[in-house]
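# Fold and contact review
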Amino acid sequence: MQKNNGIKIRNLNIYYKNNRKSDFSALHNINLDIPKNHITIIMGPSGSGKTTLLKSLNRLHSINNGVKVSGKVIIDGEDIYHPMHLLPELRRKVGLISQKPIPLPLSIYENVAYGPKIHNRLNRKESDVIVEKVLKKVNLWEEVKDRLNQPAADLSVGQQQRLSIARAIAINPDILLCDEITSALDPISSEKVEHLLLSLKEEYTIVLVSHMLRQVKRLGGYVIFLYMGKVLEQGNMEELFNSPRNKITQQYIKGVIS
Amino acid sequence: MRYLEEKIVKILMISSIFAVLGSLLFILFITISRGWVSIKENPGIIFSTPGPRYLLGGEGGFFHAIAGSLYMVVPSTIISLILACLIALFLQSEYSSKRVSEIIRLFMDILWGTPSIIYGLFVLTILISFHQRGCLLAGIVALIFLELPIITRYVDESISSTPKELKEIAYSMGLTRVEVSKIVLKYSTSGIIAGVLIGLGRALGDAASIIFTTGAASTMPKGLFSSGTALPVVIFQQASSFYPSVRDHAYAAAFILIIIILVLSITSRLLQKKFSKYTVGD
């Protein structure tokens, strides 16, 4: 194994403070190795802590009050929960694409160019190049090249979601966190996004939350089954779907629990 | 029986609309028609300052009040807007707990409901303790008190109605707090404009706090520490005059006030339209 590759999670516990009564434990003693340049899918029933786990990878819940974290998440050999870690720098490396596509209140062009402009101070020509490259990468260029200066909110939801991906990869991250990014989309748009993810996995470490078993099967990769805040089972998709060791995993895959 | 109820409610709704629209149009008609006549007879009153015997029917106009109103309302609105954005961003940030935010919002609501004459009195007390006379700066301070709670509540409301994913996405792009706040404010622009318009309207129409703090001078304001006056004060002075010709000038001043408000409303509507293009409706 190479050094510093992927994401290492060690003894991660996350609690939500509950009005002084008792803390709600969202994640319980998580130990995981997420491989580099692969798609890793976190699946599990609702309320199992999938999104919490995902957001713990770029410390997004630190924007809310009342979240306590213990344990380590190591990315590039550094513990991101170390108090000296700079959050904007971490989040530049670890991008997030949310469930509902929310374009920034800017034009299509600026949505993509905003991140690179802030991180790298580009001039107009350089950002033109990046915008074109990135939009081509997410297969959106042909659809929007004539109306780059229109508000991004005018795009269809499916296009907005691909724009979200473009916006995330424009700042050149190593890791992409995807939070059920197809659940708001129609089947055709979902398919486009899934194809896109498959084509992006060469370059990025993708961590995807999904609660759709068929999607997990289509995308393959490394699968983590989360249940009540604990990792019950993990492994390659085929392995996990064909011969699940845990009873609850079996039931989940059969659709008995969801 | 149920259908009768349906009919009665419908009639009540329509008649309420007519009552509101009717009174609005009536007010506008009276002020505009009388004000317009008065201005047409003597257009100089808009551009000149009062002469020595102005309120007794002499020469002059109320330009000093138009200028005074704008000199005070514009800076106080800008300062209130900046403070309101900072307060609202604090209320929505992780620096403030839910309880603290609730308490601050309660205070804001109480301030909102406080009659403006009390702010006037408060600023007057400060002026007296510093042995100062009424001046534009004091008026600006009083108007900030008046506008701040209104604009803050509007900014607060429109920030909290931005989708929570927007903040997450912005942070996930590696933006700093200030950069994220800029995005959130941009997203809430049309709500903020509505708040500014309402705050501005209240400040523009307020006489009580101005009388105490800036005074009822009949000369052009010369600087932050010179005394001055505002349109509503002049309307009051002129309307309570014994001379009919002076009373007519009150309508002219009211006409100017309405025109200012109208221009501001239309501009803000246009701005709102422009900015709401960039936000996604749910």
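Scroll up for the structure.
All values reported here derive from a predicted model rather than from experimental measurement.

## Observations concerning the overall build of chain A
Counting secondary structure elements, chain A contains 10 helices and 10 strands. For 258 residues, the compact-globule estimate of 2.2 N^0.38 gives 18 Å, and the C-alpha radius of gyration of chain A, at 19 Å, lies within 12% of that figure. In terms of overall dimensions, chain A has a C-alpha envelope of 55 × 45 × 40 Å along the principal axes. The buried share of chain A, taken over its 258 residues, is 43%. Taking the contacts inside chain A whose residues are at least 6 apart along the sequence as the reference set, 67% of them involve residues at least 24 apart.

## Considerations on the nonpolar core
In terms of nonpolar packing, the biggest core is built from 135 residues, with Val134, Ala166, Cys178 and Val207 of chain A together with Ala253 of chain B touching the most fellow members. Among residues more than four places away in sequence, those in contact with Val134 of chain A are Val112, Ala166, Ile169 and Ala170 of chain A.

## A word on the interface of chain B and chain A
Listed by partner, the interface residues are 22 residues for chain B and 24 residues for chain A. Among the elements of the structure, helix H7 (164-172) and helix H8 (177-187) of chain B are those that each provide at least two residues to the side of chain B that touches chain A. For the side of chain B that touches chain A, the leading source of residues is H7 of chain B, giving 7 residues.

## Describing the sheet that holds strand S8 (residues 205-210) of chain A
Residues and elements named next belong to chain A. Spatially, S6-S7-S8-S3-S9-S10 is the arrangement adopted by the 6 strands of the open sheet, whose pairing is mixed. On the outer flanks of this sheet lie strand S6 (94-97) and strand S10 (230-236), each paired with one strand and no other. Neighbour to neighbour, the strand axes of the sheet diverge by 20° on average, direction disregarded. Of the strand pairs in this sheet, strand S3 (residues 39-43) and strand S9 (residues 222-227) are connected by 4 bridges, and their pairing is parallel. From the neighbouring strand, Ile41 faces S9, where its bridge partner is Val223.

## Description of the pairing of S3 of chain A
Residue and element names in this part refer to chain A. Burial within S3 is extensive, with 5 of its 5 residues counted as buried. Burial along S3 is two-sided: Ile39, Ile41 and Met43 and Thr40 and Ile42, pointing in opposite directions, are all buried. In terms of strand pairing, S3 meets S8 through 5 bridges, oriented parallel. Opposite Met43, over in S8, you have Ser210 as the bridge partner.

## Regarding the sheet that holds strand S2 (residues 24-34) of chain A
Residues and elements named next belong to chain A. Read across the sheet, 4 strands follow the order S2-S1-S4-S5 without closing on themselves; strand pairing throughout is antiparallel. Across the chains shown, the open sheet's two edge strands, defined by having one partner strand only, are S2 and strand S5 (78-79). Relative to S2, strand S1 (residues 7-16) is paired through 7 bridges, and the arrangement is antiparallel. Within S2, the residue paired with Ile14 across the bridge is Leu27.

About the cut-offs
- Each residue is numbered by its place in its chain's sequence as written, counting from 1.
- Whichever chain is written first is A, and whichever ligand is written first is 1; the rest continue in order.
- Per-residue local features are limited, in this predicted model, to residues with pLDDT of at least 70; the limit for side-chain atom pairs, both in listing and counting, is 80 or more; totals at the level of whole chains, interfaces and linings are taken over all residues.
- Put simply, DSSP marks the helices as runs of H or I at least four residues long and the strands as runs of E at least two long, and each gets a number from the N terminus on.
- All radius of gyration figures rest on C-alpha atoms, and the globule criterion is 2.2 Å times the number of residues raised to 0.38.
- Any residue with 12 or fewer other C-beta atoms within 10 Å of its own C-beta is exposed, any with 20 or more is buried, and the rest are partly exposed; the C-beta atoms used are placed from the backbone.
- For every residue pair, C-beta atoms are placed from the backbone, and the pair is scored as a contact if these atoms sit within 7 Å.
- For the purposes of this analysis, a nonpolar core is taken to be any set of buried Ala, Val, Leu, Ile, Met, Phe, Trp, Tyr and Cys residues that are connected through C-beta atoms within 7 Å.
- Think of it this way: DSSP has to see at least two bridges between two strands before they count as a pair.
- Axis lines are fitted to C-alpha atoms, over the contacting stretch for helices. Their N-to-C directions set the angle, which ranges from 0 to 180 degrees.

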